[in-house]
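# Structure assessment
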Amino acid sequence: MRILKTQTLRGPNYWSIRHPNLILMRLDLEDLADRPSDQLPGFYEALADTLPSLIEHFCSPGHRGGFLSRVRQGTYMGHIVEHVALELQTLAGMPVGFGRTRGTVEPGVYQVVFEYQNEQAGRYAARAAVRLCNSLVETGHYAKAELEQDLADLEDFRLDAALGPSTEAIVRAAESKDIPWLQLPTRAMIQLGYGRYQQRVQATLSSKTSILAVELASDKEGTKQILRDAGVPVPRGTVVYYLDELEEAINAVGGYPIVVKPLDGNHGRGITIDINTYKVAEEAYEAAKDVSNGVIIERFYRGRDHRVLVVDGRVVAVAERVPAHVVGDGQSTIEQLIEITNQDPRRGEGHDNLLTRIEVDRTTWQLLERKGYTLDTVLSKGEVCYLRATANLSTGGIAIDRTDDIHPDNVWLCQRIAKTIGLDIAGIDVVTTDITKPIRQVDGVIVEVNAAPGLRMHICPSQGIARNVAEPILAMLFAPGTPARIPVIAITGTNGKTTTTRLTAHIFRQTGQVVGYTTTDGIYIGDNLVEPGDTTGPQSAQVILQDPTVEVAVLETARGGILRSGLAFKDCDIGVVLNVAADHLGLGDIETVDDLAHLKA
Ligand SMILES: Nc1ncnc2c1ncn2[C@@H]1O[C@H](COP(=O)(O)OP(=O)(O)O)[C@@H](O)[C@H]1O
Ligand SMILES: [Mg+2]
């Protein structure tokens, strides 16, 4: 078997409207063209043994085991490659199910189509599926190590391309509101909506986020000054740049216990809290100095750590964060308990997953030493042992939803703080013993204000109610009644596409709107030529849909582009098929007028 060609479809296409993401592979079965699976001794057993989970594929029989029964009865290799490619992706954490296999006019050459979630993984799965089937046919065997390698590579593709949990939540919310979205080619930016109505997000920074506010928020000392002047309770503190300023600073904030942290750090890096000796303060200074030039010396406020999420001036969720910890079971050592905790599938590296794996670091040793513990200490049943000082999720902390517990005064205060700093989406860190009471009453403080706050602690808390916090972000970007789409008119047909497109664009221009249109002789916005050439494919259409000035899109859509990668849009307002004639048949396996009609339809 040999792959002749592989194409990646990215939009509604000849094979499916609802499954836009498809790999189309042209496969030459060569000597297997006349040998269905029932005529390949041992092939069925080898396949079922190598990929036992294929039992879950229904296929045309329409029941569990349906596909494998077809392999036993006899089916051709193209069909088998289709199912293997789907199963390899599914086993690597990308569940996909749609597939088609069709013969071509060339004997033994098939079009094999299967769904993908990640393009590179899809293309890899095509090659791996052929490699696996070829090996089973030739040797009756496929090395376990090779299969594991395939799955590991596929998983890497998935992880590399995965949207962060916050971005993922926002695009899912957009889909639920039928707002089109597309990933821009740089800086993990997402475009929501089309044309002049588009908005952009980069995680939880939006096109409405003020850079002044972001700059201010990332300067902890600047933020405290602004909030202090606004009468907001913030930690008493100062900033030092040299070690010999440390002692005086400690006295200035009223002595121990103190906190030492980097001036512009984040994710809990370089922070030491609850310091009670000069020796530890000095070590903490060095640790903070590794992260930033300025070092904050602050009074340490006892209490629990809370994150209040404010969107468009309203508190939408509150999470209490608990630092990374383990709970004793009376037998296991602390090290074993960490291992057990990290086996939780929700725990991953960095910010990719809902929770982050617990890593042992400098602060862990300090905390254990303070208790006279080591990693070999066995904790008594139910005993809690904290492994990190700060409660950041990015250092293995967990979150408890407290949205319904926060005191109305604290709600008002946090909404005022977000406005004072000027952030449309703000994550406010509050340390207080009791969030159900006004923080002023219980000596609570606002520790910092975060721009681009993570959403995972609210979307998927370890305890309490999950909050759909992406919803208010979408409502802020697209206020009720505000369109997210511009009218899209798509025109195809064998003849007359360009004329009709120009005519339609001309008519819309009379309304005074900015019309963007693609034709066989160029992309135009208004009267201006953006790009000359045969621009009737999906990329050209994207130029129009991504342009922030365009109010109406008129897209000449030729067969070539549809065949090559599908349509550039999930749906359009008006679809025009002018005519279908026997023109250039045979290209792209479009052999008949019916095929052509199906494609243009
Ligand atoms: N002055 C303080 N008193 C008590 N806890 C503090 C203080 N400063 C920081 N913390 C704790 O450390 C965590 C991280 O500090 P923060 O200033 O938010 O830095 P980062 O930007 O790294 O998140 C806070 O969420 C809080 O739990
Ligand atoms: Mg913080």
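Scroll up for the structure.
These lines cover the structure that appears in this document, whether it is placed above or below. (Residues numbered from 1 in each chain as written. Chains lettered and ligands numbered in written order. Predicted model: local features only at pLDDT ≥ 70, side-chain atom pairs only at ≥ 80, totals over all residues. Heavy atoms only, no water.)

## Here we look at the layout of surface pockets
As a reminder of what qualifies: Cavities and pockets were defined on a 1 Å grid built from protein atoms only: a cavity is a group of points that admits a 1.4 Å probe but offers it no way out, a pocket is an open group of points flanked by protein on both sides within 12 Å along at least five of seven lines, and a lining residue is one with an atom within 4 Å of any such point. Grid points are joined across faces, edges and corners, and a volume is the space filled by probe spheres set on the points. Going along the chain from the N terminus, every DSSP run of H or I of four or more residues is numbered as a helix, and every run of E of two or more is numbered as a strand. Under the convention adopted here, Pro, Cys and the residues Ala, Val, Leu, Ile, Met, Phe, Trp and Tyr are nonpolar, Asp, Glu, Lys and Arg are charged, and Gly plus all remaining residues are polar.
Reported here for the second largest pocket is a volume of approximately 890 Å³. Among the elements of the structure, strand 10 (258-262), strand 11 (272-275), strand 12 (295-299), strand 13 (304-311), strand 14 (314-322), helix 12 (362-371), strand 20 (425-432) and strand 21 (445-451) are those that each provide at least two residues to the lining of the second largest pocket. Tallied by class, the residues present in the lining of the second largest pocket amount to 16 nonpolar, seven polar and 16 charged.

## Looking at the coordination of the magnesium ion (ligand 2)
Applied cut-off: Water is absent from the atoms considered, so a metal site may look incomplete; donors are defined as N, O and S atoms within 2.8 Å of the metal, or 3.2 Å for Na, K and Ca. Here's how the labels work: a residue is buried when its accessible area is under 20% of the maximum for its type, exposed when over 50%, partly exposed in between, all with a 1.4 Å probe on protein chains only.
Note on the magnesium ion (ligand 2): its protein donors are Asp-429 (OD) and Glu-448 (OE). The metal-donor distances range over 1.9 to 2.0 Å. Of the two residues, Asp-429 sits in strand 20 while Glu-448 sits in strand 21, which places them 19 residues apart along the sequence. Taken as a pair, Asp-429 and Glu-448 share a single burial class, namely buried.

## What about the sheet that holds strand 13?
Which entries qualify depends on this criterion: Pairing between strands is defined by DSSP: at least two bridges between the two strands are required. In this description, a line fitted to the C-alpha atoms serves as the axis of each element, helices being fitted only across the stretch in contact, and the angle between N-to-C directions of two axes falls anywhere from 0 to 180 degrees.
As summarised here, the arrangement of the five strands in space is 19-14-13-20-21, forming an open sheet in which the pairing is antiparallel. In this open sheet, the two edge strands, each paired with only one partner strand, are strand 19 (398-401) and strand 21. In this sheet, neighbouring strand axes are inclined to one another by 30° on average, regardless of whether the strands run parallel or antiparallel. As judged from the eight bridges shared by strand 13 and strand 20, these two strands associate in the antiparallel manner.

## What about the packing of helix 1 (residues 43-50) against helix 4 (residues 119-139)?
This is how it is decided: Angle categories: roughly parallel below 35 degrees, roughly antiparallel above 145, roughly perpendicular from 65 to 115, and oblique for all the rest. With the far helix as reference, a near helix turned anticlockwise by less than a right angle produces a left-handed crossing, and one turned clockwise produces a right-handed crossing. Should any heavy atoms of two residues lie within 4.5 Å, those residues are counted as being in contact.
Running from N to C, helix 1 and helix 4 cross one another at 135°; their axes reach a closest spacing of 9 Å. Looking at the two axes, helix 1 sits oblique to helix 4. Viewed along their axes, helix 1 and helix 4 form a crossing whose handedness is right-handed. Of the residues in helix 4, those touching helix 1 at Phe-43, Ala-46, Leu-47 and Thr-50 are Leu-132, Cys-133, Leu-136 and Val-137. Here the contact of helix 1 with helix 4 is built from residues that sort into seven nonpolar, one polar and no charged.

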